[in-house]
Each structure stands twice: as C-alpha cells, then as structure tokens.
Amino acid sequence: QSSVTMFGVVDASVTRLSSDSANVTGLASGEQSSSRLGFRGIEDLGGGLKAGFWLEGSLAVDNGGTSYRFDRRSTISLLGGFGEVRLGRDKLASYLNVESFDPFGDIGVGGNGLNNMLGGAAAAEGTAEGSHPKRSSNIIAYISPNIGGLQGQLQYSFGERPSNQPNNDRGNIVSARVSYQASPLEVALGYAQLDAGTAATAVTYKATNIGASYDFGVVKPMVLIATERGAGRGVNAYTLGASAPLGQAGEFRVGYTRFNTQNVDDADSSKLALGYFHKLSKRTVVYGMLARVSNDNNASRGFAVSSSSLTAPLIAAGDSATGYSVGVRHTF
Amino acid sequence: QSSVTMFGVVDASVTRLSSDSANVTGLASGEQSSSRLGFRGIEDLGGGLKAGFWLEGSLAVDNGGTSYRFDRRSTISLLGGFGEVRLGRDKLASYLNVESFDPFGDIGVGGNGLNNMLGGAAAAEGTAEGSHPKRSSNIIAYISPNIGGLQGQLQYSFGERPSNQPNNDRGNIVSARVSYQASPLEVALGYAQLDAGTAATAVTYKATNIGASYDFGVVKPMVLIATERGAGRGVNAYTLGASAPLGQAGEFRVGYTRFNTQNVDDADSSKLALGYFHKLSKRTVVYGMLARVSNDNNASRGFAVSSSSLTAPLIAAGDSATGYSVGVRHTF
Amino acid sequence: QSSVTMFGVVDASVTRLSSDSANVTGLASGEQSSSRLGFRGIEDLGGGLKAGFWLEGSLAVDNGGTSYRFDRRSTISLLGGFGEVRLGRDKLASYLNVESFDPFGDIGVGGNGLNNMLGGAAAAEGTAEGSHPKRSSNIIAYISPNIGGLQGQLQYSFGERPSNQPNNDRGNIVSARVSYQASPLEVALGYAQLDAGTAATAVTYKATNIGASYDFGVVKPMVLIATERGAGRGVNAYTLGASAPLGQAGEFRVGYTRFNTQNVDDADSSKLALGYFHKLSKRTVVYGMLARVSNDNNASRGFAVSSSSLTAPLIAAGDSATGYSVGVRHTF
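Now for a description of the structure that goes with this document. Computed from a predicted structure; not experimentally measured.

**Examining the overall build of chain A**
Consideration 1: The secondary structure content of chain A amounts to one helix and 17 strands.
Consideration 2: Computed over the C-alpha atoms, the radius of gyration of chain A is 20 Å, within 12% of the 20 Å expected from 2.2 N^0.38 for a compact globule of 332 residues.
Consideration 3: Considering chain A as a whole, with its 332 residues, one finds that 56% of them fall into the buried category.
Consideration 4: In chain A, the proportion of contacts linking residues at least 24 apart, taken out of those at least 6 apart, comes to 55%.
Consideration 5: Of the roughly 12600 Å² of accessible surface on chain A, 54% is carried by carbon and sulfur atoms.
Consideration 6: In chain A, 28 positive and 27 negative side-chain charges are present, and the distance between their average locations comes to 4 Å.

**Thoughts on the interface of chain A and chain B**
Consideration 1: Chain A puts 33 residues into the contact, and the matching count from chain B is 38 residues.
Consideration 2: In total, about 2900 Å² of surface goes out of reach between chain A and chain B, with carbon and sulfur atoms giving 69% of it.
Consideration 3: Our enumeration of links across chain A and chain B arrives at 14 residue pairs in polar contact (both at pLDDT 80 or more).
Consideration 4: When contributions to the side of chain A that touches chain B are tallied by element, the ones reaching two or more residues are strand S3 (36–46), strand S4 (49–58), strand S5 (73–80), strand S6 (83–91) and strand S7 (135–143) of chain A.
Consideration 5: Class assignment for the residues of the side of chain A that touches chain B results in 17 nonpolar, 10 polar and six charged.

**As for the environment of Lys91 of chain B**
Residue and element names in this part refer to chain B.
Consideration 1: As for its position among the elements, Lys91 is in strand S6 (residues 83–91).
Consideration 2: Using a relative accessible area of 17% as the deciding quantity, one classes Lys91 as buried.
Consideration 3: Along the backbone, Lys91 and Ser137 are 46 residues apart, and their C-alpha atoms lie at a distance of 8.9 Å.
Consideration 4: When near neighbours in sequence (up to four residues on either side) are disregarded, Lys91 contacts Arg72, Leu96, Glu99, Lys134, Arg135 and Gln155.

**Structural notes on the packing of aromatic side chains**
Consideration 1: If you walk through the whole model with that rule in mind, you get 36 aromatic pairs over all chains.
Consideration 2: When the centroid spacing of 6.1 Å and the interplanar angle of 65° are considered together, the rings of Phe39 of chain B and Phe39 of chain C count as edge-to-face. Of this pair, Phe39 of chain B sits in strand S3 (residues 36–46) while Phe39 of chain C is found in strand S3 (residues 36–46), placing the two residues in two different chains.
Consideration 3: A residue is classified by how much of its surface remains accessible, and Phe39 of chain B, at 1% relative accessible area, is buried.
Consideration 4: In this structure, Arg40 of chain A packs its charged tip against the face of Phe7 of chain A, placed 4.2 Å from the ring centre.

**Overview of the interface of chain C and chain A**
Consideration 1: Facing 33 residues of chain C, the contacting portion of chain A comprises 38 residues.
Consideration 2: Buried surface at the junction of chain C and chain A, both sides included, amounts to about 2900 Å², of which 68% is carbon and sulfur.
Consideration 3: One can count zero salt bridges joining chain C with chain A.
Consideration 4: Elements supplying a minimum of two residues to the side of chain C that touches chain A: S3, strand S4 (49–58), strand S5 (73–80), strand S6 (83–91) and strand S7 (135–143) of chain C.
Consideration 5: Across the side of chain C that touches chain A, the residue classes break down as 17 nonpolar, 10 polar and six charged.

**Focus: the relation of the copies chain A and chain B**
Consideration 1: The transform that puts chain A on chain B rotates by 120° and translates by 0.0 Å along the axis, for an RMSD of 0.0 Å. Those values place the two copies in the arrangement expected of a three-fold rotation axis. By C-alpha distance to the rotation axis, the residue of chain A lying nearest is Ser67 of chain A, at 2.9 Å.
Consideration 2: An overlap of only 12% is found between the interface residues of chain A and their copies at the interface of chain B, pointing to separate contact surfaces.

**Looking at the side chain of Ser175 of chain B**
Residues and elements named next belong to chain B.
Consideration 1: Locating Ser175 in the fold gives a position in strand S9 (residues 173–182).
Consideration 2: The class of Ser175 is buried, set by a relative accessible area of 0%.
Consideration 3: Reaching out from Ser175, the side chain makes a polar contact with the backbone oxygen of Tyr191 at a distance of 3.2 Å.
Consideration 4: What Ser175 contacts, discounting residues up to four positions off in sequence, is Leu92, Ala93, Ser94, Gln153, Leu154, Gln155, Tyr191 and Ala192.

**Description of the relation of the copies chain C and chain A**
Mapping one chain copy onto the other needs a rotation about an axis and a shift along that axis.
Consideration 1: It takes a turn of 120° to lay chain C on chain A, together with a shift of 0.0 Å along the axis; the resulting RMSD is 0.0 Å.
Consideration 2: In this assembly the copies use different faces: only 12% of the residues contributing to the interface of chain C also contribute to that of chain A.

**Observations concerning the side chain of Arg72 of chain C**
Residue and element names in this part refer to chain C.
Consideration 1: In this structure, Arg72 sits in the loop between S4 and S5.
Consideration 2: Taking the relative accessible area as the measure of exposure, Arg72 reaches 8% and is therefore buried.
Consideration 3: A distance of 2.6 Å separates the side chain of Arg72 from the side chain of Glu56, its partner in a polar contact.
Consideration 4: When neighbours within four sequence positions are excluded, Arg72 is seen to be in contact with Ser34, Arg36, Glu56, Gly57, Ser58, Lys91 and Arg135.

**Quick notes on the pairing of strand S11 (residues 202–214) of chain A**
All names here are of chain A.
Consideration 1: Every second residue of S11 is oriented toward a common face, the buried set being Val203, Tyr205, Ala207, Asn209, Gly211 and Ser213 and the non-buried set Ala202, Thr204, Lys206, Thr208, Ile210, Ala212 and Tyr214.
Consideration 2: As defined by bridge partners, strand S10 (residues 185–197) adjoins S11 across 13 bridges and the pair is classed as antiparallel. Its bridge partner lying in S11, Leu185 is registered against Tyr214.
Consideration 3: The hairpin turn running from S10 into S11, its antiparallel successor, is four residues long.
Consideration 4: Bridge count between S11 and strand S12 (residues 220–230): eight bridges; the pairing is antiparallel. Paired with Ala212 across the bridge in S12 is Val223.

**What about the pattern of salt bridges?**
Consideration 1: Going through the model one piece at a time under the given rule, you end up with 27 salt bridges over all chains.
Consideration 2: With a shortest N-O distance of 2.9 Å, Lys91 of chain A and Glu99 of chain A are connected by a salt bridge.
Consideration 3: Ionic pairing is found between Asp106 of chain C and Lys134 of chain C, a salt bridge with its closest N-O pair at 3.9 Å. On the criterion of sequence distance, the pair formed by Asp106 of chain C in the loop between helix H1 (96–100) and S7 and Lys134 of chain C in the loop between H1 and S7 is long-range, its members being 28 residues apart.
Consideration 4: Classification of Lys134 of chain C as partly exposed rests on a relative accessible area of 27%.
Consideration 5: The network of salt bridges with shared partners includes Arg36, Glu56 and Arg72 of chain A.

**Concerning the pairing of strand S13 (residues 233–246) of chain C**
On any regular strand, side chains alternate: one points to one face of the sheet, the next to the other face.
Residue and element names in this part refer to chain C.
Consideration 1: The pairing of strand S12 (residues 220–230) with S13 spans 11 bridges and is classified as antiparallel. In the strand pairing of S13, Arg229 is matched with Gly234.
Consideration 2: Hairpin connection of S12 to S13: two residues between the antiparallel strands, including Ala231 at a positive phi of 55°.
Consideration 3: Note: S13 against strand S14 (residues 250–261), 12 bridges, orientation antiparallel. Each bridged residue has a counterpart across the sheet, and for Ala244 the counterpart in S14 is Phe252.
Consideration 4: As consecutive antiparallel partners, S13 and S14 are separated by three residues, and within that stretch Gly247 has a phi angle of approximately 75°, a positive value.

**A look at unusual backbone geometry**
In most cases, non-glycine residues show a negative phi, while peptide bonds are predominantly trans.
Consideration 1: Between Ser183 of chain A and Pro184 of chain A the backbone carries a cis peptide bond, its omega angle lying at 10°.
Consideration 2: By secondary structure assignment, the location of Pro184 of chain A is in the loop between strand S9 (173–182) and S10.
Consideration 3: A positive phi angle, close to 60°, is found at Asn138 of chain C, a residue other than glycine.
Consideration 4: Residue placement: Asn138 of chain C occurs in strand S7.

**Describing the environment of Val187 of chain A**
Residues and elements named next belong to chain A.
Consideration 1: Relative to the assigned elements, Val187 resides in strand S10.
Consideration 2: Take Val187: its relative accessible area is 28%, and that puts it in the partly exposed class.
Consideration 3: It is 4.2 Å that separates the C-alpha atoms of Val187 and Ala212, two residues lying 25 residues apart in sequence.
Consideration 4: Sequence-distant contacts of Val187, defined by excluding residues within four places in its chain, comprise Phe101, Val178, Ser179, Tyr180, Gly211 and Ala212.

Cut-offs and rules
- Residues numbered from 1 in each chain as written.
- Chains lettered and ligands numbered in written order.
- Predicted model: local features only at pLDDT ≥ 70, side-chain atom pairs only at ≥ 80, totals over all residues.
- Heavy atoms only, no water.
- Helix = DSSP H or I, 4+ residues; strand = E, 2+ residues; numbered from the N terminus.
- Rg over C-alpha atoms; globule rule 2.2 N^0.38 Å.
- Buried < 20%, exposed > 50% of the residue type's maximum accessible area, 1.4 Å probe, protein only.
- Contact = heavy atoms within 4.5 Å.
- Areas by Shrake-Rupley, 256 points an atom, 1.4 Å probe, with all protein chains shown as cover.
- Lys, Arg positive; Asp, Glu negative; His and termini not counted.
- Charge placed at Lys NZ, Arg CZ, Asp CG, Glu CD.
- Buried area = accessible area lost by both parts, 1.4 Å probe.
- Polar contact = N/O pair within 3.5 Å; in protein donor to acceptor, adjacent residues only side chain to side chain.
- Nonpolar A, V, L, I, M, F, W, Y, C, P; charged D, E, K, R; others polar.
- Phe/Tyr/Trp six-rings, centres within 6.5 Å; stacked < 30°, edge-to-face > 60°.
- Lys NZ or Arg CZ within 6 Å of the ring centre and 35° of its normal.
- Salt bridge = Lys/Arg side-chain N within 4 Å of Asp/Glu carboxyl O.
- Least-squares fit on C-alpha atoms with pLDDT ≥ 70 in both.
- Pairing = 2+ DSSP bridges.

What follows is the structure, given as structure tokens:
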C-alpha cells in the first residue's frame, strides 16, 4: 500500500576495542549510524490536519539480532498548525541535544556518551532505562510549530505504577527542549526530570544540557555541556567538536569530551575521537574512526558499541581504552 | 515487489483504570482496534484458483513491544469455487462471534471479554492459550464459499503431542462456525471443543456462542450469548449492545455484559460500556470510552487492556472497576 | 520507497513423524523451502560499483514464531568488478554445497542433514552454532567474480572473545568454497575450520565436502560427499540424488544418504527420501514427501523439521524413523 514507507540503515564495520589488559576484534553494527528498519506513513486529513505513524526497530547487522521490535520509535501523531501531539515510545526531548551536538552523533567508538552518565537502569534505581536514557516508553508529547526558527517540545512519560504502591511516582519522566535554528547557527537547551528510587526512598534525577553549533562552511564547530544530578551523585561533562568537508565526498570529524564526576574524587575521564567519512553516494558511506579514553584512577569509562555480540573488554579503574572502526553504512 | 501488501493499525490512548483500592494511569495500545503490522498477498493461479498468504503481528505502540512476531495470524491458503483451505495460526472460528457481536469488538476497556471465561492457559490446564482462546496455532481449516449469505468454517488445531504420552490429545481443538448475513441482518453460531487436562486426567472444554445484529440505519442493536463448560466449571454470559451514527463523522456505542458463574455462588459480574468515536478520515479516528464492572462478592472480573506495559491494578473479589480511554487510531 | 524489495516464502504442511515407539502429527512450516520474510536492496554507485543490503528472517507459519529477527541473513555488501565484500550474518560458504547437491535442499523430512554431523552448539563445545553450522554471525567475506564459470568465496567469522580469555580463539571460523558451473555441469568444493573447545582444552572442527550435478534434461543426478572431524570424533557421509521433470508442472525427486560414524562402532545410518512437487504457478507449489531413516544399534538419527512447535518423537538408538509431509509453498 502506498500509505507505508519502509526505511532503514545498515551499517557494519570491523571494530577493535582495547583496554590496558585485553583487546577484542570483531564485527560491529551501527558505528556511524545505528542500524535500523522502519515503517512510517502520513495521512492528510484536510484543513491543515495530518495523522502520522512511525515504527522503527533496531537492527544488529553483525548477528541478525535476537528479537526485532520497535524499540527505537513507535508513535502515532496528530499534526497541524498548532504543532504536533505525539503518543508512544520516542527519544527523550532532552536527549536530542546529546546526538545533535556530538560530531559522531553519540554512536560508535567516537560517540560522546553524555547520556545515562549516572548509570543505566540498574545503577539508576527505579528508572526503566537509566538516569538520563536515550528513549522512554509511554510518552505523551507536544511539539510546537517552528516559529522563526524557535521550537519547543514537552514530554510526559507515564511510569504506570498503581496508586497504592509506595513511591508510585517511580518511572515518571518530564522532559523538555527549546531550540533555535537559523542557519548557520543552531542552539538548544534540554532538561529532564526522572522520578526514581525504591519503595522506601524516593530519588529524583535531573539532567540538563545546552548545545550550540555554527556552520562556517569550511568547518562546523560545536559544543555541548551536560550535567546529571541525583541520589547524591553528579557528573558534569562537555564535548567540543567539529566537522569539516574534505573535497567533494569526504568529511573529517573530531570530538573531545571531558567527564567530571562530582561526588567521587579522582574519577574524571576524557575522550578524543577522530573520524573520516567518504561518500560513495548520498546513501552509502565508507568510514574509519578511532578514539581514546583516558580515565582517572577511580574511573572506568569506555565505549558503547552498538552491536548485538561485540562487547568491549573489561576496563578496570584507571585503564585507558582505545577503539578503531572501519566500516560501511548504507541508508534506504 | 507488487506481490506484498503492507497493512496495519496504530492505536494509542491515555487510559485510566481503577479498582476499589487503587488506580493507574498510562498509555495503552489498541483500545479501539488492536495495534498491528502485517504483510499479505494473493496470487491468481488461473482457472478460478488463488493462493494467498497473511502474516500479521501485534504492535505495542506504548513501548514498542518486546518481540515482533506473527502472533495474530500466519497462514497460507488455497482458494477457489470450493471455498478456502487455510493452514497456520489464526483466530478460532468460534471466537469470531465474540468480536463481531460486541459493539467494542472485544478490545479495550469497553470490550466484553466473552473468551477464556474459565481462564487463560494456566487456569485451563493442558490447553496452550486458555479455555476458549482468541487464536490457535497449527490449524488446518476449511472455509466454505458464501452461498446466498450462508457460510461455514471448520477448523482442526493439532496439539502435536507424541502418541506415547499419556493423554496425548491435550491441545487438540475442533472449532466451527455457521453464519448467515443478508443485510441488514447478521446471525452466527460458534462452537469449540478443546482437549485439555494433565497426563493423569483428561478434561474437555466446550465453548458455544450465538450472536445476531440488525442494522436499522439509525441504530444497530446486537446480542451475543456465550457459554463455556469444562473441569466441573461453567460460565454463561451475554452482551447486549448497539451502535448508532451521530452526524457525518460520529458514532456512539453502548454495551452491557452479564457473566453468570455456574459452579460458584455469588460470583457473577456485569459490565456497562459507553464510547464515542469521531472519524477524522476513513483511516483516522479519535475516541473516548468508559466502562464500569460490578462484581459479586466472589468475583473479580476487570479489563483486558491491550498494552505491553499498562496493567490494571489488582481487583479484589467484590471490587468494582472503572476504566477510561481517550485516544486515536490510524489504519494503513 | 523503491529502494527496498520485500520477499519471502510461506510453506506449510501436514506432517507425520514416527519412530519405533511413537508418532506425532501436526502442522510444519518450511518442508519444501524454509518459510521466511526479507527486505533487500541494491544501489548503483556508478563506475561499476554497487552497494547492497539483505535482511532475511525465519518464519514459523505453523504458530507465528516466537521472535522475528534476521537470523537467516543480515548483510551489507560492496560489489564491483573485483567481486563482492560482504559483512554480517550469512550462510557458511562450505554449507552451500549441502543444500545445492541435495535434491531436497537440506530441508524438511527429505533433507539430507549433512551439516552439524558431530552435533549442534551443545555437542560441539565452544562453537556458537555447532560443528559445521548452516550459518554464522560476524562474517567478513570476499566473493570472487564469476570467471568462465569458476567462482570462489572466502569467509572469516569473528568469535569475538577478549584476548585475555584462555583459548580465546573459540568461535573463530574460516570457510571457503570453490565452484565451477557450466550448464549442464556443476561441481563445488567446500571447507570449514572452526576453533572450539573449552577454556582448558582447544578443539578444532574441520568440515570438508564436494558435490556435483549434471542436468541431462530428463533427469538431473547429483552427488554430495561430506566429512566432519574434531574432538576425536568423525562422520563421513554421502548423498546420491536426482530430480526429474514429470510433464509440464511436475517434478519427482529422490535422495539416498548414508552416514558413517568413524569413532563409534555400529553407529551408521541411512536415509531414503521420495518427493513429488506440482507447480500451480511459478510461485506456488503443492507437494508430498516421504522419508525413512534406518539406524544401526548405536545410532539415533532422525529428521530436522523446520517448525516452531512440531518436534519429532524420541528416536531411541537403533530405531527406524519415518516422515511424511503434504503441503503447499508460496513465494513472494
């Protein structure tokens, strides 16, 4: 039926990850862009009103995955002059900046990793997917129209706990983003507040970030500053990056990220990432990336590799970590 | 390829469910129509013969689901003047009446719930999916041609237990349906017999139902009577309902359902459901529904909400339960 | 989008499997061809270069499956005059012969089963999917151009174990195939070497096979010889088969397979399979197959039925086993 558009990304690479004690080499999926397969459509309802749906699931090109599902996005929307009302599973509004102002798009060995800085679901007790996750389920969102480059988005994600449970707010999330885009300038502010904790103790996680980029043509520098606070813990971080075209088909990218742990001494980390991307067409790119993470004696930050089977070797506290990727990405 | 048609339903709503002791509010998927994504095709083989396939899987728009699979239907068919032979997983013939003669289509807070009245797979020991499930796997079916509005369907579902197991008939199902449809009248009779129990004790579940509707134009009343018997237990139930157009785009629906438990005293329930559905187009509908269940002192019936993450709060014996839904449904 | 082609096979049958002690009858999926649903595309990059992707997942038509995923193939390729570089999950090069030179395509009750002859993942300790599996994840492959009918393929599959694990080669696979095809003759040689074992003990599995077929028009005889060695165990096997057209739409197939276990006495088996396939169109076929396995006193070989829920009854050592299938297959 013409009312459905299929789309996707297939990205595979040979990737090598090293810590001070070990290394592993294998096939990774989604080092430049997360591999995915999706189905979407939009219907014109007349009078400026539209209805749309978007179903998008992760792919693991390296091993075919374990169970395809619409974990990246599953939404239904009503759109009009008033903006958009969107229901379902989606990226957190505040997470969008982490991607947008990272030259590596927060993916692959070069990605900055400025989300879930206090930890995933296990560490950030009482949340479904971490202290500041990429996505959340059960969202009702309002996205404003774009007025002279200014746009806002507000989300509420239901934790769905019954009212007679202690601390039944656990899992509720509010997230918001305000952005201003007037080429060559883009700037955006994001915020998320997550109710979490245990039945006995309520905890609130708060994530704030601000990003900006300016496209000079020969080079596009960008900056992202992000903080997370909650449960007596805190991390401040920033990314400084740039992308620059090299000839007709090439692009060079560089990113430097610094993490400052607030509640533990000597637990900071820094990351430097370099990449070259060569377009074989608008849809197909070959690339090479390398990144190095340096950890203080009490930190063990590494890489988040988007692959079903390739996992980084154990990174002990104080270890350095190095990652390389050579691959190809195809969109359809 | 032109030989495949993609189709589906994306339905999300804000839903609130209450019992006497608690309530929960969240995002539900499939309150008006079950959310789904499917692939189907039909090939003309010449001489009046056709081959067809149908692959349809559930969606959970609220959280993207856990594993997409073809749980709703996966069949291959040969069709001709003789009717249709269909192999695979499909709705039970006898279940079709439970949907057809419920103004809410046996889905969402308003749905009547006249299937699995003796219980799901755990309660109805030895069956794969309950005492009278919506669907079964391993079906070989014959569907007659429509002769002057009269049509019949006969199914056999293999339990697939080896012959040397005690009570190896467990899981075998026979189901049949006869329907007569001559607008504005529709009437249908359904029957299913399920072999079940344990290795030591064989049990047979029997489900019978009859439904009728008559479309007067200004209102379409309908009635459904259903019974289940097995393992010394029994439930009789009926639904009285109606749908009525309201202007060009609106539709009002009402349903009243009464459950009579035969083998336990003071364990009856009744349910009243109201809904309004407003078409933004042929494919997109916004809706609101509310339903209330009243339970006798020994009954605890509630709602079957079609969502991966939203679950009704505990309904204690004798509790009343209330459900609301406001949502949007889009078909493609 | 026109850049994606959907394709698949839907194959269902009524199948009966017997051992000396029991039998089971049910619905099977994929007795003639494995049921599947896939998405693929190819992009012309200019200058003779192309990019392609292929995502293909198993279907279980009998029960809808448990979790759809791209277990059959998930690859991205760059193709040109130099041949093809392919990354992802794919069939082992050496396995292709097992399918190609079996008249039943190594599927259904008639399939020869000349893969994983020393055992699946559990028996072939340290491998991901067996002693000589159909497929492997994390493959980087080079496929040569076809030069006068001659073609070669070389694969390396990463086991992806960290360097500081004992025996960290476990899971690495090298596989190669050389084929010559000049109608009516086809001949091919395959080899695979799998690193396996435990942390304490390294094991290497080696699989070798050679196949040939010659299409005389009225009949196409074929032969396949396959061996596996490893962990002090070994199996030699061969298949002799033929297919022959019967009229415009029919095809008759016969296969005889003999297994010789090298490391256990009196543990050989033989299998005879017959089938008739009748085309209702190029895309739709009805078929009937029967096969019988005879086991020596210390062997218990049976059938590999491609179905989510139908499983063969226990075949005790020395048992004979019989299988029948009557079904329909539709491609799209």
